[in-house]
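Here is what each chain is made of, one letter per residue.
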Amino acid sequence: MHILMLILAIIIYLVILLMIGIYTKKWVRDPADYMLASREFGIAANVLELCAIALAGSLMTFLPSLVIQYGLRTALIRYVVVLGCGYIIYGLLFGKLARDSGAQTVAEYLELRFDYKVRMVVAVTSSFAMLGISANNVLAITNVINRLTGIPQMFIASVCFVIIILFSVMGGFWGITITDMIQLLIGVAALFGLIFFLMHQYGGWPFLMQHFPSSNLWTTGTNGESMRFFAVRYPSGITMLLNFMVFLLWGNNYYFLRLNTCRNGHTARISYVIAGAIGIPVLLAPVCLLGAYAAAIYPEHFWGRHMIDGSSALSLLIGHVPASLKILMIVGFFAVTVSTASTALIGVTSTVSRDIWRRRYRPDLSASEELKVQKRLMFFVALIGWLICFYQGGTIRLFGLVTSWLGPVAVLMLMAALCPWFTNSGALCGDIAGVIILISSSAVQMMGIHSFFSRIHSSILGIVTTLCVGTVVSLFTRSNYYGKLGWRCDPGKGIRQKIRLSFFDTTVLGMIRYGTVTMADITDYFGCDSRMTKASVEALDKGGYIKRDRDVFSGFFRLQITEKGKDVLGELTGSASRLEKVGLSVEQFLLLRCVADPQMDIEQYKEARGYGSLKLTALVSILELRGYIRQHGFIKRKISITENGKSIVSAFGDVSE
């Protein structure tokens, strides 16, 4: 009877996700809709999505294991707090940078600072890492469900990937985001339902302190172990800090994608800060308590054990709860697993489609062709993720290998943002050396060979190797022009070159003439790969026609025209000349007038003009930067005109095309 109720609950869950996929399919009109949701998400929507990613299926077993083996301090402080701080730091460092750069993937961003070779190496290694993370996330929960129901693990894993394919292929990031919100609600209801049941049945903190089988629940696990902080072998405070505050975030493409789905850099930055400061602790602290309750209620199952199994802890807890709560927990496990895994898979898909397929093989793809390719690749990527689940012994061992591959990428992310002198050759050699040392270290440890590699965790080896090799090579190779001695962002303070401008360069310069513009505005407006924007902006910068705000972080991607640039373009006449004084082109003004008219619909205006999703986003972004409009709305973007915008529309009412 319970199995029939469970099957019915899962069918209802599947139908809901399928309906969301069908509903959001109509929102997907071009590749930008599919992979970036047209950069429309607001703060609240992005916070919820980040929370859905954090409440992962793998953490439902990993955190209880940490508590049982090392005590609550390790799980709460050295994982939950570290991950929350990681979100905050990542948002503050890379929020505006990612959104202003115009790069849609980590690998694409690294080509903006380095070159195509670095982009390809990072795309391949990070894709494999994210596939391993996704598969591990699925298998962690299938093990629990298998112990509770007896259903074979691979059948459960297959159901998970079928669910992901059903709604992801149809709705892309729109479908994934909305389903993630639903799945977050289901997961939270299941988690807190179990916590409240345990507290009512057994008691709260006094019960845990009295019955947890160790001398100190806070600092010591059931085996009497305490995790050391200053140790170079995993697990330790240092290695966990590196893995979960740096590697998992900085080198991971789906976190970068989350920055790029936001309306602007401020939204991206604030959403990560809120999720890290509030969402992560509220969601993950109760998961830690599950490990404490399991050991306190069933101490005979954990005392003296050398292999601590978080799946066993959850299985024991859920196996003795009422049938209705058990069904909710199992469906909740499905939800949190599918939520995080689907986000990881679209992160892989975006890298494969944009950085490998389109960049390397089909740069001439039309929008409709690219959308078809993205959907086919999403199916193909999910299939590979499913196949990785057959890795002998599960993906736990593989997880340690593939997540380490994100370490070198994390180093390159920081060096690209912070150090203009870090060269293309340094980045390439550092990344390759880091990956080789990580593979060697993981292989040696998996084979049980005692060596230098077995004494130091691969996370430390990877970043030290990448940083050292990259720095040394950079010192002996030629840097990009902006990393050379004597170069200054201001053309009046540094030497510039004689550059012959192409038609595209002049067109880009024409966009910048009206005021500060980001590289994202240019890339989105033309719907091109950011390598084209990079080439044009570098030519304009070398020639002194524009200047960057700064040579580090987001200022590197914020551009202003110089007097020399204005001289090249010449004087405007008529309405265009008048509008230039208020920082608007005729095209931007016409959109502003549309926003001011309550009878006009932005979507209809976009269709009538033949704008792609990102072209409209670029124009909206520029108008918002000028202070003429305001963006709001939970998921879909809504636009309202400001008082400044109304005065401009009133003053230039006679302007026409």
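Calculation notes
Residues numbered from 1 in each chain as written. Predicted model: local features only at pLDDT ≥ 70, side-chain atom pairs only at ≥ 80, totals over all residues. Heavy atoms only, no water. Helix = DSSP H or I, 4+ residues; strand = E, 2+ residues; numbered from the N terminus. Rg over C-alpha atoms; globule rule 2.2 N^0.38 Å. Buried < 20%, exposed > 50% of the residue type's maximum accessible area, 1.4 Å probe, protein only. Contact = heavy atoms within 4.5 Å. Axes fitted to C-alpha atoms, helices over the stretch in contact; angles between N-to-C directions. Parallel < 35°, antiparallel > 145°, perpendicular 65-115°, else oblique. Left-handed = near helix turned anticlockwise from the far one by under 90°. Nonpolar A, V, L, I, M, F, W, Y, C, P; charged D, E, K, R; others polar. 1 Å grid on protein atoms, 1.4 Å probe; cavity = no way out; pocket = protein on both sides within 12 Å on 5 of 7 lines; lining within 4 Å. Points joined across faces, edges and corners; volume = space filled by probe spheres on them. Patch = residues over 30% accessible without salt bridge, like charges linked within 9 Å, V, L, I, M, F, W, Y side chains within 5 Å. Areas by Shrake-Rupley, 256 points an atom, 1.4 Å probe, with all protein chains shown as cover. Salt bridge = Lys/Arg side-chain N within 4 Å of Asp/Glu carboxyl O. Phe/Tyr/Trp six-rings, centres within 6.5 Å; stacked < 30°, edge-to-face > 60°. Lys NZ or Arg CZ within 6 Å of the ring centre and 35° of its normal. Pairing = 2+ DSSP bridges. Polar contact = N/O pair within 3.5 Å; in protein donor to acceptor, adjacent residues only side chain to side chain.

A. Spatial organisation of the overall build of the protein chain. For the protein chain, the helix and strand inventory stands at 29 helices and 5 strands. Compactness check: the protein chain gives a C-alpha radius of gyration of 26 Å against a globular reference of 26 Å for 657 residues, within 12% of the reference. A principal-axis box enclosing the C-alpha atoms of the protein chain has dimensions of 85 × 60 × 45 Å. Residues classed as buried in the protein chain amount to 60% of the 657 residues present. In the protein chain, of all internal contacts separated by at least 6 residues, the share reaching a separation of at least 24 is 79%.

B. Geometry of the packing of helix α7 (residues 116–149) against helix α17 (residues 406–418). Contact geometry for α7 and α17: axes closest at 9 Å, N-to-C directions at 135°. As judged from the angle between their axes, α7 and α17 are oblique. With respect to the hand of their crossing, α7 and α17 are arranged in left-handed fashion. Note on element contacts: α17 touches α7 through Leu406, Val409 and Leu412, opposite Val118, Val122, Ser126, Ala129 and Ile133. Looking at the contact of α7 with α17, its residues break down into 7 nonpolar, 1 polar and no charged.

C. Representation of the layout of surface pockets within the structure. Looking at the second largest pocket, its volume works out to about 380 Å³. Along its surface, the second largest pocket is lined by 25 residues, and Pro31, Ala32, Glu370, Gly527 and Leu614 are the ones closest to its centre. Taken together, the residues of the lining of the second largest pocket sort by class into 9 nonpolar, 9 polar and 7 charged.

D. How the structure looks around a nonpolar patch on the surface. A cluster of nonpolar side chains, Ile3, Leu4, Ile7, Ile11, Val15 and Met19, forms an exposed patch at the surface whose accessible area comes to about 560 Å². Counting through the fold element by element, isoleucine 7 comes out in helix α1 (residues 2–25).

E. Representation of the packing of aromatic side chains. For the coordinates displayed, the defined rule picks out 27 aromatic pairs. Centroid distance tyrosine 90 to phenylalanine 94: 5.5 Å. Interplanar angle 50°. Geometry classified as tilted. In this pair, tyrosine 90 and phenylalanine 94 are both assigned in helix α5 (residues 72–101), 4 residues apart and thus about one turn of the helix distant. Neither residue differs from the other here; tyrosine 90 and phenylalanine 94 are each classed as buried. The ring of phenylalanine 556 has arginine 548 sitting right over it, with the charged end atom 3.9 Å from the ring centre. Here the guanidinium or amino end of lysine 564 rests over the ring plane of tyrosine 545, the centre of that ring lying 4.8 Å away.

F. Summary view of empty space enclosed by the protein. A complete count under the given rule lists 1 cavity of 30 Å³ or more for this structure. Forming the boundary of the largest cavity are Leu55, Met60, Gly187, Ala190, Leu191, Met329, Gly332, Phe333 and Val336. The dominant element in the lining of the largest cavity, judged by the number of residues it contributes, is helix α14 (residues 323–361), at 4 residues. Split by residue class, the lining of the largest cavity holds 7 nonpolar, 2 polar and no charged.

G. Examining the sheet that holds strand β1 (residues 517–518) more closely. The strand order across the open sheet formed by 3 strands is β1-β3-β2, and the pairing between neighbours is antiparallel. Each having just a single partner strand, β1 and β2 (546–548) make up the two edges of the open sheet. Summarising the sheet, β1 and strand β3 (residues 558–561) pair through 2 bridges and their orientation is antiparallel. Bridge pairing in β3 places threonine 518 opposite arginine 558. Lying over the sheet, helix α23 (residues 530–542) contacts β2 and β3, oriented at roughly 105° with respect to β2.

H. Quick peek at the pattern of salt bridges. Per the counting criterion, the structure on display carries 19 salt bridges. One salt bridge connects arginine 119 with aspartate 355, and the closest N-O pair in it is separated by 2.8 Å. On the criterion of sequence distance, the pair formed by arginine 119 in helix α7 and aspartate 355 in helix α14 is long-range, its members being 236 residues apart. Judged on exposure class, the residue arginine 119 and its partner aspartate 355 are both buried. Of the charged contacts in the structure, one is a salt bridge between aspartate 549 and arginine 558, with a shortest N-O distance of 3.8 Å. Residues participating in the shared-partner salt-bridge network are Glu111, Arg119, Asp355, Arg359 and Asp529.

I. Quick look at the side chain of threonine 562. Within the secondary structure layout, threonine 562 lies in the loop between β3 and α24 (563–569). Exposure remark for threonine 562: the relative accessible area of 11% places this residue in the buried category. Side-chain polar atoms of threonine 562 contact the backbone oxygen of glycine 544, separated by 2.7 Å. Setting aside anything within four residues of it in sequence, one finds threonine 562 in contact with Pro491, Gly544, Tyr545, Ile546 and Lys547.

J. Highlighting the side chain of aspartate 529. Looking at the element boundaries, aspartate 529 is found in the loop between α22 (519–526) and α23. Polar side-chain contacts of aspartate 529 include one of 3.1 Å to the side chain of arginine 119. If we skip the residues at most four places from it in the chain, aspartate 529 touches Glu108, Glu111, Arg119, Arg354, Arg358, Arg359 and Thr523.

K. Quick peek at the environment of tyrosine 255. Here tyrosine 255 lies in helix α11 (residues 253–260). Sequence separation of tyrosine 255 and tyrosine 90 is 165 residues, and the distance between their C-alpha atoms is 9.3 Å. In contact with tyrosine 255, other than residues within four places in its own chain, are Leu50, Ile53, Tyr87, Tyr90, Leu248, Leu249 and Tyr272.

Keep in mind that these numbers describe shape and distance, not what the molecule does.
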